[in-house]
Amino acid sequence: PSHSPHRADPAPLSSSASSCRALSTRRQLYEKPFPVYKQPVEVGSFSLDSERRFFNDARQIRYFVEPPSRPDFNLRDGYKDRFVKRDDSIKEKLDHILRWILANKSKLESRVAAASSSPALGVDVVTWRGHLTKLLTTPYETREGWLLAATLFRGTLYLSEVETEASRRDTENRTERHQEMMYWGYKFEQYLCAEDMKASPDPGGVVNTNEAFCTVVQTKLADHKLLFSGEVDCRDRGTKSPAAPACYIELKTSAEICTPKQRSNFHRFKLLKWWAQSFLPGVPRIVAGFRDPDGLVVGTETIHISQISHLIKNEYNCWKPTVCMNFCSEFLSFVRTVVREDSPRVVHLFSWDPHQDVTYTVHRDSSYCFLPPWYVEGMGS
Ligand code: A3P
Ligand code: MG
Ligand code: MG
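Residues numbered from 1 in each chain as written. Chains lettered and ligands numbered in written order. Predicted model: local features only at pLDDT ≥ 70, side-chain atom pairs only at ≥ 80, totals over all residues. Heavy atoms only, no water.

1. Looking at the packing of aromatic side chains
Two numbers describe a pair of aromatic rings. These are the distance of the centres and the angle of the planes.
So, point 1. Taken as a whole and judged by the stated rule, the model has 26 aromatic pairs.
So, point 2. An aromatic cluster of at least three residues, connected via ring pairs, comprises Y30, W146, F327, F331, F334, F350, W352 and Y360.
So, point 3. The ring of F55 is capped by R59, whose NZ or CZ atom sits 3.6 Å from the centre of that ring. (Phe/Tyr/Trp six-rings, centres within 6.5 Å; stacked < 30°, edge-to-face > 60°. Lys NZ or Arg CZ within 6 Å of the ring centre and 35° of its normal.)

Structure follows, in structure tokens:
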């Protein structure tokens, strides 16, 4: 199937005067007041084990252990002999979230207001946090485009990413150095995380990227009720730690900052991605490890998400949180006006490339369909 940027025929029911077939991503259009974004509420969580099996519980949660002031972390350690890498050629789409929804269906449905004519699940959009992160950063992205498949089923819109040709090529052509550096982030997690409340980190253990703990949160962006899931690195283990998601901590690594230019680039590019990823699920802080070119951590720093907008204030022509949120909100409204047919057999494929508008194509009974039969049947069709 081709992802060529030609525009599709309008969807049958969207050919009214108000229908539009493209959405602009120009930043200036989204410089408006910050939209309503309700405090995300954790409605559940799930775990994926060392073999990527799903469990409807928090067995994979890890506990944050404060690093020493002068850490001795070698991120290269274990890459050759203590690393089990997840097979990312297996496209899981929304499957784990759908499994969680089925396992918690009655809990979710009981939250739906009795008299409402709203969707069966009580939410407008179901997706991964990572897909929303890509939407938030789109007005500032100059390198990588995206493809998002959308299906309306029982009044809820499901959004699932499709790999682009360019991304597939990039993955194929990764250098050995790049592949090793992708391990470094997980190794950093191992130095800072313990398996239970009283344990210590085990840097001699195996790093297995199949394992994950995922939070499921509900929130509202403008008039869109969202349900999404995202991986959480660890939680605070203090006795006074707040309820989830406020107790969660995101771990990150980044190159050591030595020059004003490097600091500026960190603010302009890296903090945008870091902010978007953690702001969405309401994770309040990041613990960052700064590494030298040999993978040695030279220092760590806590970054509070609420302080990021202040940190970037001195950068000329910098990214703005309001642009990210308004674009995401308007993209979801755009998808709503385009996708009218409620059917697991229909996919609208939204496509975006840097410096272009968002456009879409329509596909019926195609290989883009991503709601599996067990989910459609489990929802009682
Ligand atoms: P860093 O965050 O330190 O870069 P996350 O930070 O989202 O919890 O992801 C954990 C690690 O997975 C990352 O550590 C990085 O090593 C790797 N990773 C995640 N997304 C990636 C991507 N798109 N490309 C390359 N590596 C990625
Ligand atoms: Mg993570
Ligand atoms: Mg992380």
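Text resumes after the structure shown.
2. Describing the nonpolar core
So, point 1. In this structure, W275, W319, F331, F350 and V358 are the most contacted members of the largest nonpolar core, which totals 49 residues.
So, point 2. Per-element accounting of this core gives the leading share, 10 residues, to helix α8 (residues 321-338).
So, point 3. Not counting residues within four places of it along the chain, the set of residues in contact with W275 comprises L136, I305, I308, W319, P321, C324 and M325.
So, point 4. With 31 residues, the next largest nonpolar core counts W100, L108, L121 and L371 among its residues. (Core = buried A, V, L, I, M, F, W, Y, C linked by side-chain atoms within 4.5 Å. Buried < 20%, exposed > 50% of the residue type's maximum accessible area, 1.4 Å probe, protein only. Helix = DSSP H or I, 4+ residues; strand = E, 2+ residues; numbered from the N terminus. Contact = heavy atoms within 4.5 Å.)

3. So, the site of ligand 1
So, point 1. Surrounding ligand 1, one finds M182, G185, Y186, E189, D233, E250, L251, K252, T253 and Q277.
So, point 2. Separating an oxygen atom of ligand 1 from a backbone N or O atom of M182 is a distance of 2.8 Å.
So, point 3. At a separation of 2.7 Å, an oxygen atom of ligand 1 approaches a polar side-chain atom of K252.
So, point 4. Burial of ligand 1 by the surrounding chains reaches 64%, relative to a free accessible area of 530 Å².
So, point 5. Within the residue set of the shell around ligand 1, elements represented by two or more residues are α5 (176-192) and β13 (248-255).
So, point 6. Of the residues belonging to the shell around ligand 1, the class tally is 3 nonpolar, 3 polar and 4 charged. (Near = heavy atom within 4 Å. Polar contact = N/O pair within 3.5 Å; in protein donor to acceptor, adjacent residues only side chain to side chain. Areas by Shrake-Rupley, 256 points an atom, 1.4 Å probe, with all protein chains shown as cover. Nonpolar A, V, L, I, M, F, W, Y, C, P; charged D, E, K, R; others polar.)

4. A short note on unusual backbone geometry
So, point 1. With an omega of 5°, the peptide bond between A244 and P245 qualifies as cis.
So, point 2. Mapped onto the fold, P245 is located in the loop between β12 (234-235) and β13.
So, point 3. Backbone geometry at N317 places phi at a positive 55°, although glycine is not the residue there.
So, point 4. When you line up the elements, N317 lands in the loop between α7 (308-311) and α8.
So, point 5. In this structure, H355 is a non-glycine residue whose phi angle is positive, near 70°.
So, point 6. Structurally, the position occupied by H355 is in the loop between β16 (346-352) and β17 (359-364).

5. Let's talk about the sheet that holds strand β6 (residues 146-153)
So, point 1. In space, the 9 strands of this open sheet follow the order β2-β1-β10-β11-β5-β7-β6-β16-β17, with mixed pairing throughout. Two strands lie at the open edges of the sheet, namely β2 (54-55) and β17, each paired on one side alone.
So, point 2. Taken together, the 7 bridges between β6 and strand β7 (residues 156-162) define a ladder with antiparallel strand orientation. By the bridge assignment, F153 is partnered in β7 with T156.
So, point 3. Against the sheet, helix α3 (residues 129-137) contacts β5 (125-128), β6, β7 and β11 (224-231), and its axis sits at roughly 95° relative to β5.
So, point 4. Sitting on the sheet, α8 touches β5, β6, β7, β10 (212-221), β11, β16 and β17, and the angle it makes with β16 is about 145°. (Pairing = 2+ DSSP bridges. Axes fitted to C-alpha atoms, helices over the stretch in contact; angles between N-to-C directions.)

6. Digging into the coordination of the magnesium ion (ligand 3)
So, point 1. Looking at the magnesium ion (ligand 3), the protein donor atoms are D233 (OD), E250 (OE) and L251 (O), and they sit 2.0 to 2.2 Å from it.
So, point 2. Binding-site remark: the magnesium ion (ligand 3) is held by donors from one chain whose sequence spacing is D-x16-E-L.
So, point 3. The two metals, the magnesium ion (ligand 3) and the magnesium ion (ligand 2), are separated by 3.6 Å and share D233 as a common coordinating residue. A residue pair is termed long-range when its members are at least 10 positions apart, and D233 in the loop between β11 and β12 and E250 in strand β13 qualify at 17 residues.
So, point 4. We classify E250 as buried; its relative accessible area is 7%. (Donors = N, O, S within 2.8 Å, 3.2 Å for Na, K, Ca; no water.)

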